[in-house]
Amino acid sequence: MRGTSEKMSVRREDGAGALVSLICLTVFAVVFIIYTTRYLPDSVATHFAGDNQANGWMSRNGYLLFMLAFLIGISALVSFAVGTLPRKFPHWTNLPNRDYWLASARREESLRYLSAHGKRLGCLIVMMMLGMHYVILKANHMRPPALPVSTFSAILFGFALALVWWIVRLYRRFPKKN
């Protein structure tokens, strides 16, 4: 057992914290979506025209299955692609000065960061999907169902801002070396 005076340190480039965050956030999202979907009508408005009125519908169970599959599938796929594919196919990796960052002296550290950063992107996607579910909940509690534009816009803006932050962090971690 560790001494009580010994401090634990967590490195940002370690994927364990990002993985735990992604798993916990995904479990929360799945439970939240399952729990709140029962408050939706049998026929759920899921698509909205330019005038914000519903023009596409799904059954409640169909919506639930679609939302869970999309939430888990897209976040897992993106996390896997960003975090795992550079290890298998380094020549497909798009980094500034890729050969420098994936040289044997820096390869493992760079790949660990990419793995953790991919999981952070997965977390952003899960949060955006939770936001879209919330929009659907709000829309279907209006009569007739209508897209709550301010909520929808705020969620998209927040996701875009977070995505820019994610990209900036990626480029700051892998600057061009001369």
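The paragraphs below set out a description of the structure included in this document. If you're wondering where the values come from, they're calculated on a predicted model, not measured in any experiment.

Here the focus is the overall build of the protein. The number of helices and strands found in the protein is 5 helices and 2 strands. Each helix and strand of the protein, placed in order from N terminus to C terminus, yields the pattern α-β-β-α-α-α-α. What you see for the protein is a C-alpha radius of gyration of 20 Å, clearly larger than the 16 Å of a compact globule of 178 residues, by over 25%. Reported as C-alpha extents along the three principal axes, the dimensions of the protein are approximately 60 × 45 × 25 Å. Surface summary for the protein: the accessible area is close to 10,900 Å², and the carbon and sulfur share equals 65%. If you average the places of the 21 positive and of the 8 negative side-chain charges in the protein, the two averages end up 2 Å apart.

Before going further, it helps to examine the packing of aromatic side chains. Under the criterion given, the structure shown has 7 aromatic pairs. Within the aromatic cluster, the residues linked to one another by ring pairs are Tyr-100, Trp-101, Tyr-113 and Phe-174. Here the basic side chain of Arg-106 rests over the ring of Tyr-100, its NZ or CZ set 3.7 Å away from the ring centre. We note Arg-173 situated over the ring of Phe-174; from NZ or CZ to the ring centre the distance is 4.6 Å.

Across all of its chains, the model carries 4 salt bridges by this definition. Across the pair Asp-99 and Arg-98 runs a salt bridge whose closest N-O atoms are separated by 3.9 Å. You can call Arg-98 partly exposed: its relative accessible area is 28%. Between Arg-173 and Glu-109 there is a salt bridge whose closest N-O contact spans 3.6 Å. Within this pair, whereas Arg-173 is found in helix H5 (residues 149–173), its partner Glu-109 is found in helix H4 (residues 107–140), the two being separated by 64 residues in sequence.

A word on a nonpolar patch on the surface. A grouping of Leu-19, Ile-23, Val-27 and Val-31 is seen on the molecular surface, where their side chains present a nonpolar patch of about 340 Å² in accessible area. Mapped onto the fold, Val-27 is located in helix H1 (residues 15–37).

In this model, H5 (25 residues) spans 36 Å end to end at C-alpha, consistent with the 36 Å of a helix rising 1.5 Å per residue. For H5, the set of buried residues is Thr-151, Ile-155, Phe-159, Trp-166, Arg-169, Leu-170 and Arg-173. Lining the buried residues of H5 we find helix H2 (60–88), helix H3 (98–101) and H4.

Criteria and thresholds
- Residues numbered from 1 in each chain as written.
- Predicted model: local features only at pLDDT ≥ 70, side-chain atom pairs only at ≥ 80, totals over all residues.
- Heavy atoms only, no water.
- Helix = DSSP H or I, 4+ residues; strand = E, 2+ residues; numbered from the N terminus.
- Rg over C-alpha atoms; globule rule 2.2 N^0.38 Å.
- Areas by Shrake-Rupley, 256 points an atom, 1.4 Å probe, with all protein chains shown as cover.
- Lys, Arg positive; Asp, Glu negative; His and termini not counted.
- Charge placed at Lys NZ, Arg CZ, Asp CG, Glu CD.
- Phe/Tyr/Trp six-rings, centres within 6.5 Å; stacked < 30°, edge-to-face > 60°.
- Lys NZ or Arg CZ within 6 Å of the ring centre and 35° of its normal.
- Salt bridge = Lys/Arg side-chain N within 4 Å of Asp/Glu carboxyl O.
- Buried < 20%, exposed > 50% of the residue type's maximum accessible area, 1.4 Å probe, protein only.
- Patch = residues over 30% accessible without salt bridge, like charges linked within 9 Å, V, L, I, M, F, W, Y side chains within 5 Å.
- Expected span 1.5 Å × (residues − 1).
- Contact = heavy atoms within 4.5 Å.

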